[in-house]
Amino acid sequence: MDYRILLTVFATVFIAELGDKTQLATMLFAADKEVSKWTVFIGASLALIATSALGVLAGSVISDYISAKHLQYIAGAGFIIIGMWTLMRA
């Protein structure tokens, strides 16, 4: 196992998830006094695992057709477009 990649992926996803709407929704579910905090934690964890699995699967399939370098350009352009769209709507 490449621990450098593991740490990089962990840090990237951790930072990206802080304060996003997924975390806010999880906080709202956990705020309900009648709901088990463990149920909320397990549900949110399973959802993140499932979406991560889809991302890994999609990346594996797409990488068979598009080089990693081109995927980085496409992802970078996508983030720039989303950022510009967000700024224009603000």
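Being a predicted model, the structure only gives us computed values, none of them experimental. (Residues numbered from 1 in each chain as written. Predicted model: local features only at pLDDT ≥ 70, side-chain atom pairs only at ≥ 80, totals over all residues. Heavy atoms only, no water.)

Visitor: Would you mind going over the packing of aromatic side chains in detail, with residue names and values included?
Guide: Within the structure shown, the criterion is met by two aromatic pairs. When the ring of Phe10 is compared with that of Phe14, the centres are 5.6 Å apart and the planes differ by 20°; the resulting orientation is stacked. You can see Phe10 and its partner Phe14 sitting in helix H1 (residues 3-17), four residues apart, about one turn around the helix. Since its relative accessible area comes to 52%, Phe10 is described here as exposed. (Phe/Tyr/Trp six-rings, centres within 6.5 Å; stacked < 30°, edge-to-face > 60°. Helix = DSSP H or I, 4+ residues; strand = E, 2+ residues; numbered from the N terminus. Buried < 20%, exposed > 50% of the residue type's maximum accessible area, 1.4 Å probe, protein only.)

Visitor: Break down H1 for me, citing the residues and quoting the values.
Guide: The terminal C-alpha atoms of H1 lie 21 Å apart, and with 15 residues this matches the ideal 21 Å at 1.5 Å per residue to within 8%. Regarding H1, its N-cap is Asp2, as a side-chain oxygen of that residue lies 3.1 Å from the backbone nitrogen of Arg4 further along. Immediately beyond the C-terminal end of H1, within one or two residues, lies Gly19, with a positive phi of roughly 75°. (Expected span 1.5 Å × (residues − 1). Polar contact = N/O pair within 3.5 Å; in protein donor to acceptor, adjacent residues only side chain to side chain.)

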